[in-house]
Amino acid sequence: QVQLVESGGGLVQAGGSLRLSCAVSGTIFRIRNLGWYRQVPGKQREWVAIITSGGYTNYADSVKGRFTISRDNAKNTVYLQMNSLKPEDTAVYYCNLAVGGTPYWGQGTQVTVSS
């Protein structure tokens, strides 16, 4: 069974940093593309970043230059380093992957950025 478990969220002041982690089990981690998404109550979940199995990365314009996605295939973990955080980054952050076309999500981790 595929499981994703996020951690690392919390409360931080604007301009601060956090690093989110997502531990993955139940699938061949190294061949999967992995993504981070975020959601604010009452709004649709939005894509934040992706890292492919080959290490290619891409980011939403709103986080480009501030966030960095990375992966450790030995630890079956994907990370999201978030710097220069802004109040508008406040959201629940989710990691995501797809297996055979079926998407899997973690439970999410709350990030709150105070002004």
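Within each chain, residues carry numbers counting from 1 in the order of the written sequence. Local features in a predicted model are, by the rule used here, given only for residues with pLDDT of at least 70; side-chain atom pairs are given and counted only at 80 or more, and totals for whole chains, interfaces and linings are based on all residues. For side-chain calculations, the full set of non-hydrogen atoms in the structure is used, while hydrogens and water are omitted.

*Asks:* Explain unusual backbone geometry residue by residue, including any values.
*Replies:* At N76, a residue that is not glycine, the phi angle is positive and equals roughly 55°. Residue position: N76 is located in the loop between β7 (67–72) and β8 (77–82). Buried residues are those whose accessible area, probed at 1.4 Å on protein chains only, stays under 20% of the maximum for their type, while exposed residues exceed 50% and partly exposed ones sit between those limits. Accessibility expressed as a relative area gives 26% for N76, which makes it partly exposed. The backbone of S84 shows a phi angle near 50°, a positive value even though the residue is not glycine. Inspection of the secondary structure assignment puts S84 in the loop between β8 and β9 (91–99). Taking relative accessible area as the criterion, S84 reaches 42% and is therefore assigned partly exposed. Labels follow the DSSP assignment, with helices taken as runs of H or I lasting at least four residues and strands as runs of E lasting at least two, numbered in each case from the N terminus.

*Asks:* How would you sum up the pairing of strand β5 (residues 46–51)? Please name residues and give values.
*Replies:* A pair of strands is treated as paired once DSSP finds two or more bridges between them. Of the strand pairs in this sheet, strand β4 (residues 34–39) and β5 are connected by five bridges, and their pairing is antiparallel. Residue pairing in the sheet places L34 in a bridge with I51 of β5. Linking β4 back to β5 in an antiparallel pair, the connection comprises six residues, with G42 at a positive phi of about 85°. Sheet topology note: the β5/strand β6 (residues 57–59) ladder contains three bridges and is antiparallel. Across the sheet, residue I50 finds its bridge partner in β6, namely N58. Linking β5 to β6, which pair antiparallel, is a turn of five residues; within it G55 sits at a positive phi near 95°.

*Asks:* Which residues make up the side chain of R38, and what values do they have?
*Replies:* On the secondary structure map, R38 appears in strand β4. Judged by relative accessible area, R38 falls into the buried class, the value being 5%. Nitrogen and oxygen atoms within 3.5 Å of one another constitute a polar contact, given that in protein one can donate a hydrogen and the other can accept it, and given that sequence-neighbouring residues count only through two side-chain atoms. For R38, the side chain forms a polar contact with the side chain of S62, separated by 3.4 Å. Polar contacts involving the side chain of R38 include one to the side chain of Y93, which spans 2.9 Å. The contacts of R38, once residues within four sequence positions are left out, are Q44, R45, E46, V48, S62, V63, F67, E88, D89, A91, V92 and Y93. Should any heavy atoms of two residues lie within 4.5 Å, those residues are counted as being in contact.

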